[in-house]
Amino acid sequence: MTTPFNQPSALRVSMTGAAGNIGRTLRQHLKGRYALLRLTDVVQQEPPGPGEEVATVDIRDRAALERSLQGIDCVIHLAGIPEEDSWDKILPVNIEGCYNLFEAARRQGVRRVVFASSNHAVGFHRREKFIDTDVAARPDGRYGVSKVFGEAVGRLYADKYALSVACMRIGSFRPSDRPSESRHLLTWISHRDMAQLAMRCVEHPGYHFVAVYGVSNNLRNRWDNTPAKFLGYRPQDDAEKFAAQVLATSPIEDPLAAQFHGGMYCPMEFVGDPGRID
């Protein structure tokens, strides 16, 4: 009998990239919530606790990845290069590794994939525009391109192979759990809000495909996150409580970065004409 997603205590959940910043945070918040939390990463992790399994898995190895998904209901896919980098590094992990994850999930009968996308998939939209999740893809670098790819693969596997897929366009997640620069006052997501969003994506009783922004309830937010409300996501934190300190201590934002949602990724290697970007 298939376990309903809104019965978390009976779900078997896997999480790739579990040793990363977001992965470690989610591990703490999800501890004991599911029948099984299988934690995979290419690097060594803390030993498993009750209800946990730990495995060393490289997402570039599709066979190993497929074995790690045996008996899993839902996988939270966090593994990947977490920032802008060279194509030689992005391609095998964020592109080929992402495809491997979806294909391995299909082959193993995993019913749901929660994909860690990024606001950098739409980073070259002008910040003056309040954008929703239906805006055209507008990546601000190779990292952003990889997240557009992941969302497209997720849509394909939802439509063609009947996976339930959620894409979390994560904003500014900070290991310190506080914003540290002026842009973060718009884009920050707290640790507990990140955990809540992941849980809502895992446990909602039913959706086909959904894209949502991973952002807290920030006063200065510029993203329409209506689909997240559908999931039941109700962020608790607001970056504004840090505003005075951030604005007093953080450097002035680069003038080009300040024009676009993607911030600092936009000026990297930039040789174009900002006036031609609508």
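In the block above lies the structure referred to throughout.
Quick summary incoming for the structure in this document. Within every chain, residues take consecutive numbers counted from 1 along the sequence as written. Thresholds applied to this predicted model are a pLDDT of at least 70 for local features of residues and 80 or more for the giving and counting of side-chain atom pairs; totals over whole chains, interfaces and linings are not thresholded and use all residues. The basis for every side-chain value is the complete set of heavy atoms in the structure, and neither hydrogens nor water enter the calculation.

Quick notes on the overall build of the chain
Okay, step 1: In terms of regular secondary structure, the chain is built from 8 helices and 9 strands.
Okay, step 2: Against the compact-globule benchmark of 19 Å for 278 residues, the chain has a radius of gyration of 18 Å, which places it among compact chains.
Okay, step 3: Note on exposure labels: buried denotes an accessible area under 20% of the residue type's maximum, exposed denotes more than 50%, and partly exposed covers the range between, all computed with a 1.4 Å probe on protein chains only. Going through the 278 residues of the chain one by one, you find that 54% of them count as buried.
Okay, step 4: In the chain, once contacts between residues fewer than 6 apart in sequence are set aside, the share between residues at least 24 apart is 70%.
Okay, step 5: The Shrake-Rupley method, run with a 1.4 Å probe sphere, supplies the accessible areas, and residue values consider only the shown protein chains as cover. Taken as a whole, the chain presents about 12,400 Å² of accessible surface, with 50% of it coming from carbon and sulfur.
Okay, step 6: By the counting rule applied here, Lys and Arg register as positive and Asp and Glu as negative, while His and the ends of each chain are not counted. To locate a charge, take NZ of a lysine, CZ of an arginine, CG of an aspartate or CD of a glutamate. Within the chain, one finds 34 positive and 33 negative side-chain charges whose respective centroids are separated by 4 Å. Numbering of helices and strands runs from the N terminus, with a helix taken as a DSSP run of H or I at least four residues long and a strand as a DSSP run of E at least two residues long. Only C-alpha atoms enter the radius of gyration; for comparison, a globular chain is expected to reach 2.2 Å times N to the power 0.38, where N is the number of residues. Whether two residues are in contact is decided by their heavy atoms: any pair within 4.5 Å suffices.

A short note on the nonpolar core
Okay, step 1: For the purposes of this section, nonpolar cores are sets of buried Ala, Val, Leu, Ile, Met, Phe, Trp, Tyr and Cys residues that join through side-chain atoms within 4.5 Å. The biggest cluster of nonpolar side chains holds 34 residues, and the ones touching the most others in it are L26 and I76.
Okay, step 2: With 7 residues, helix 6 (residues 191–203) is the single largest residue contributor to this core.
Okay, step 3: In this structure, L26 is in contact with M15, I76, L78, M194, A195 and A198, ignoring residues within four places of it in sequence.
Okay, step 4: Ranked by size, the runner-up nonpolar core spans 31 residues in total, among them L65, I81, V113 and V153.

Here we look at the packing of aromatic side chains
Okay, step 1: Only the six-membered ring of Trp is used, alongside the rings of Phe and Tyr, when aromatic pairs are assigned; centres must lie within 6.5 Å, and planes under 30 degrees apart are stacked while those over 60 apart are edge-to-face, with the rest tilted. Applying the stated criterion to the full structure yields 9 aromatic pairs.
Okay, step 2: Plain terms: the ring middles of Y99 and Y157 are 6.4 Å apart, the flat faces sit at 75 degrees to each other, and that makes the pair edge-to-face. In this pair, Y99 sits in helix 3 (residues 87–108) while Y157 sits in helix 4 (residues 142–161), placing the two residues 58 residues apart along the sequence.
Okay, step 3: In this structure Y157 comes out as buried when scored by relative accessible area, which is 2%.
Okay, step 4: With centroids separated by 4.9 Å and ring planes inclined at 20 degrees, the aromatic side chains of Y213 and W223 adopt a geometry described as stacked. Of the two residues, Y213 sits in strand 9 (residues 209–214) while W223 sits in the loop between strand 9 and helix 7 (226–231), which places them 10 residues apart along the sequence.
Okay, step 5: Classification of W223 by relative accessible area gives buried; the value is 3%.
Okay, step 6: The structure contains a cluster of three or more aromatic residues connected by ring pairs, namely Y99, F102, F115, Y157 and Y161.
Okay, step 7: For a Lys NZ or an Arg CZ to count as sitting over a ring, it must be within 6 Å of the ring centre and within 35 degrees of the ring normal. Here R111 stacks its cationic end above the ring of F5, 4.2 Å away from the centre of that ring.

Quick look at the environment of E66
Okay, step 1: The residue E66 is located in helix 2 (residues 62–68) in this model.
Okay, step 2: Residues E66 and Q108, spaced 42 residues apart in sequence, show a C-alpha to C-alpha distance of 6.7 Å.
Okay, step 3: What E66 contacts, discounting residues up to four positions off in sequence, is A104, R107 and Q108.

Regarding the pattern of salt bridges
Side-chain pairs of opposite charge can arise whenever the charged atoms involved come near each other.
Okay, step 1: In the sections that follow, a salt bridge refers to a side-chain nitrogen of Lys or Arg positioned within 4 Å of a carboxyl oxygen of Asp or Glu. On inspection of all chains with the given rule, the structure shows 14 salt bridges.
Okay, step 2: In this structure, E103 and R107 form a salt bridge, with 3.0 Å as the shortest nitrogen-oxygen distance. Of this pair, E103 and R107 both sit in helix 3, 4 residues apart, which is roughly one turn of the helix.
Okay, step 3: Each of E84, R142 and E269 takes part in salt bridges that share partners, so that together they form one network.

What about the packing of helix 3 against helix 4?
Okay, step 1: Structural elements are reduced to axes, namely lines fitted to C-alpha atoms, with helices fitted over the stretch in contact, and the angle between N-to-C directions of any two is expressed from 0 to 180 degrees. Running from amino to carboxyl end, helix 3 crosses helix 4 at an angle of 15 degrees, the nearest separation of the two axes being 10 Å. On the basis of the axis angle, helix 3 is roughly parallel to helix 4. Between helix 3 and helix 4 lies a crossing whose hand is right-handed. Here W87, I90, N94, I95, C98, Y99, F102, E103 and R106 of helix 3 lie close against helix 4, whose contacting residues are R142, Y143, S146, F149, G150, V153, G154, Y157 and Y161.
Okay, step 2: Three classes are used: nonpolar for Ala, Val, Leu, Ile, Met, Phe, Trp, Tyr, Cys and Pro, charged for Asp, Glu, Lys and Arg, and polar for all others, with Gly counted as polar. When the residues that make up the contact of helix 3 with helix 4 are grouped by side-chain class, the tally is 11 nonpolar, 4 polar and 3 charged. Here roughly perpendicular refers to angles of 65 to 115 degrees, roughly parallel to angles under 35, roughly antiparallel to angles over 145, and oblique to all remaining angles. What makes a crossing left-handed is the near helix being turned counterclockwise from the far one by less than a right angle; a clockwise turn instead makes it right-handed.

Considerations on unusual backbone geometry
With the exception of glycine, the majority of residues adopt a negative phi angle, and the majority of peptide bonds are in the trans configuration.
Okay, step 1: In this model, A162 sits at a positive phi of 65 degrees, which is unusual for a non-glycine residue.
Okay, step 2: For E269, which is not a glycine, the phi torsion comes out positive at approximately 65 degrees.
Okay, step 3: Within the secondary structure, E269 is located in the segment after helix 8 (243–249).

Focus: helix 1 (residues 21–30)
Okay, step 1: Residues of helix 1 that are buried include every one of I22, G23, T25, L26, R27 and L30, and no others.
Okay, step 2: Backbone geometry just downstream of helix 1 places G32 in the positive-phi region, at approximately 80 degrees.

Details of the pairing of strand 5 (residues 112–118)
Within a regular strand, side chains alternate between the sheet's two faces.
Okay, step 1: Among the 7 residues in strand 5, 7 count as buried, and that is most of the element.
Okay, step 2: Being paired, for any two strands, means DSSP has found at least two bridges between them. With 4 bridges connecting them, strand 4 (residues 74–77) and strand 5 associate as parallel partners. Bridge pairing in strand 5 places I76 opposite V114.
Okay, step 3: Looking down the strands as they point away from you, a crossover is right-handed if its path from the first strand over the helix to the second goes clockwise. For the segment spanning strand 4, helix 3 and strand 5, crossover handedness is right-handed.
Okay, step 4: In the sheet, strand 5 pairs with strand 6 (residues 164–170) via 7 bridges, with the strands oriented parallel. Each residue of the ladder has a partner; that of R112, found in strand 6, is S164.

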